[in-house]
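# Architecture at a glance
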Amino acid sequence: MEKNALRLPAGFESYQEARQAGFLRMKQLKESGARVIGLFCSYVPIELVYAAGAIPVGLCASSEEPIAAAEANLPRNLCPLIKASYGFALTDTCPYFYFSDLVVAETTCDGKKKMFELLGEIKETYVMQLPHSRDAAALAFWKEQIIAFQKKLEDFYGITITEEDIRAAIRRKNRERDVMLRYLELGKLNPAPISGYEMGTQIDVGSFSFDLEERCKNVEARTAQVLADWEANYKGKQSDRPRLLLTGCPNAGVREKIIRTVEEMGADVVAFDTCSGTREKVEKVDESNPDVYEALARKYLNINCSVMSPNDSRRGYIGEMIDEYAIDGVLEIILQSCHTYDVESYFIKRFVTQEKGLPYLNIETDYSQSDKGQINTRLAAFLETIEK
Ligand code: BJ8
């Protein structure tokens, strides 16, 4: 197995650098009168935020820094993403939270939805009631929630959002999904043309540009560059590096500790069944549906997050990815105390090992570095089990 440092492009911007650079851009945008909406989850129909002429900004935190402060009010035994997100708000150290006019939250997991009640004491937090199943009653309920969210945005900003505004936003967002998907699907090439570490970072970094078109152009340019490099230098060459699929919780807070490490050990993370990966992008909003709210409700309710019950479609999707990306092993990341992903991992492991006949490793972790040595040992042992 080939072991090496990651190949990263010249001028590669780390997540922290991009986040910092985004602060100044956000400040300038606010000074010029921009509307800003803070978000926490892929279930929120972002098209309505665009239709309101607002800039959506993600508030899910991936840093250990504010967790100690958060633990003054939240239990220690809680997901680090929840603690860190609340901690930034509590300590007033996240400019994106500070500049958000309104925070839009949703009832996904128990920890998040209860944290939002505390968050609401710091800044106005509008909570969408997400149903946890996908039957007809849930669809009708979710459609009503989407209509209520539109009304909230109209009242909050004193504006009117027309159906044409929403349709235009759907077209823009669908185009972005296509662009991101083409980029992420570079992982289907063999040998892998780009590291999973770079792909994941680039997707997150792009969200700090706040300009959808600019983000699409940057990602399209990098996709073309990677493809050309692969055609010229790698096509047709054999690689013995194991090809991994990453699944589970959001991984930005553990990307260095797990993704970078496993790739430096000699594997390639080529596929991401995660919210910043392909999970939210594979299904687009149906532009031909005459009922625009139903189109939004259907698309968003189908996101394969473990907060849904049952969530069998996630296994179906992972199965397709295993085949299409020629996967050799599956790595699942569970953030500490994430009960929905943790319990669902029973089915994922059984599916991967018994139905697909592949090695599977589940790592439960948080944002600290305290388990780094143990994780390194487990990753190395996992790669040993993959026959190439
Ligand atoms: S659609 S993955 S962004 S909820 S916060 S569930 S890790 S205990 S983040 Fe998520 Fe929306 Fe789903 Fe995607 Fe677990 Fe932590 Fe809860 Fe989490």
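Refer to the structure presented above.
Structure report, in brief. (Residues numbered from 1 in each chain as written. Predicted model: local features only at pLDDT ≥ 70, side-chain atom pairs only at ≥ 80, totals over all residues. Heavy atoms only, no water.)

### Section: the sheet that holds strand 5 (residues 243–248)
Across a sheet, strands are paired by hydrogen bonds formed along the backbone, either parallel or antiparallel in direction. Read across the open sheet, the four strands follow the order 6-5-7-8; overall the sheet is parallel. Either end of the sheet is taken by a strand with one partner, and the two such strands are strand 6 (268–273) and strand 8 (360–365). Adjacent strand axes in the sheet meet at a mean angle of 25°, parallel and antiparallel pairs treated alike. Across five bridges, strand 5 lies against strand 6 in parallel orientation. Note that in strand 6 the partner of L246 across the bridge is F272. Strand contacts of helix 15 (residues 372–384): strand 5, strand 7 (329–335) and strand 8, with the helix running at about 170° to strand 8, the strand carrying the most contacts. (Pairing = 2+ DSSP bridges. Helix = DSSP H or I, 4+ residues; strand = E, 2+ residues; numbered from the N terminus. Axes fitted to C-alpha atoms, helices over the stretch in contact; angles between N-to-C directions. Contact = heavy atoms within 4.5 Å.)

### Remarks on the nonpolar core
For soluble globular proteins, nonpolar side chains are generally found buried alongside one another. The biggest cluster of nonpolar side chains holds 116 residues, and the ones touching the most others in it are I37, Y96, V104, L119, F149, I166 and L244. With residues near it in sequence (within four places) discarded, L244 still touches V262, A267, D268, V269, V270, A271, I327, G329, L331, F382, L383 and I386. Membership of the second largest hydrophobic core comes to 16 residues, among which are I318, I348, F351 and L358. (Core = buried A, V, L, I, M, F, W, Y, C linked by side-chain atoms within 4.5 Å. Buried < 20%, exposed > 50% of the residue type's maximum accessible area, 1.4 Å probe, protein only.)

### Here's the deal with the environment of L59
The topology assignment puts L59 in the loop between strand 2 (54–58) and helix 3 (67–70). A residue is classified by how much of its surface remains accessible, and L59, at 7% relative accessible area, is buried. Taking the C-alpha atoms as reference points, L59 and E364, 305 residues apart in sequence, are found 22 Å from one another. For L59, the contacting residues outside a window of four places in its chain are G38, L39, F40, S85, Y96, F97, S100 and V103.

### A closer look at helix 15
For an α-helix the count is 3.6 residues per turn, leaving residues at separations of three or four pointing the same way. The terminal C-alpha atoms of helix 15 lie 19 Å apart, and with 13 residues this matches the ideal 18 Å at 1.5 Å per residue to within 8%. Every buried residue belonging to helix 15 is among I375, L379, F382 and L383, and all of these are buried. Relative to the axis of helix 15, the buried residues are bounded by an arc of 95° and lie together on one face. Across from the buried face of helix 15, at angles greater than 90 degrees, the exposed residues are Q374, T377 and E384. (Expected span 1.5 Å × (residues − 1). Arc of directions from axis to C-beta.)

### What to know about the packing of helix 11 (residues 255–264) against helix 15
Where helix 11 meets helix 15, the axes come as close as 10 Å, and the angle between the chain directions of the two elements is 40°. By the angle class used here, helix 11 and helix 15 are oblique. Pair helix 11 / helix 15 crosses with right-handed handedness. Of helix 15, the residues touching helix 11 (which contributes K257, I258, T261 and V262) are K372, I375, N376, L379 and L383. Looking at side-chain class alone, the contact of helix 11 with helix 15 contains five nonpolar, two polar and two charged residues. (Parallel < 35°, antiparallel > 145°, perpendicular 65-115°, else oblique. Left-handed = near helix turned anticlockwise from the far one by under 90°. Nonpolar A, V, L, I, M, F, W, Y, C, P; charged D, E, K, R; others polar.)

### Quick notes on the packing of helix 8 (residues 163–184) against helix 12 (residues 292–301)
Contact geometry of helix 8 with helix 12 gives a least axis separation of 11 Å together with a crossing angle of 30°. With respect to helix 12, the axis of helix 8 lies roughly parallel. Relative to helix 12, the crossing made by helix 8 is left-handed. Touching E163, I166, R167, I170 and R177 of helix 8 are V292, Y293, L296, K299 and Y300, all from helix 12.

### Considering the pairing of strand 1 (residues 35–39)
Along strand 1, four of the five residues are buried, which leaves the element largely enclosed by surrounding structure. Summarising the sheet, strand 1 and strand 2 pair through five bridges and their orientation is parallel. Following the sheet pairing, I37 is matched in strand 2 by P56. One crossover worth recording links strand 1 to the parallel strand 2 by way of helix 2 (residues 46–51), and it is right-handed. Here three bridges tie strand 1 to strand 3 (residues 102–106), and the two strands are oriented parallel to one another. Across the sheet, the residue bridging to L39 is V104, located in strand 3. (Right-handed = clockwise from strand over helix to strand, strands pointing away.)

### Focus on helix 12
Among the ten residues that make up helix 12, eight are buried, leaving the element largely enclosed by the rest of the structure. Taken residue by residue, helix 12 has V292, Y293, A295, L296, A297, K299, Y300 and L301 as its buried positions. Where helix 12 is buried, its residues contact helix 2, helix 7 (136–157) and helix 8. The opening residue of helix 12, the one whose side-chain oxygen lies 3.1 Å from the backbone nitrogen of Y293, is D291. (Polar contact = N/O pair within 3.5 Å; in protein donor to acceptor, adjacent residues only side chain to side chain.)

Shape is all these values report; function is a separate question.
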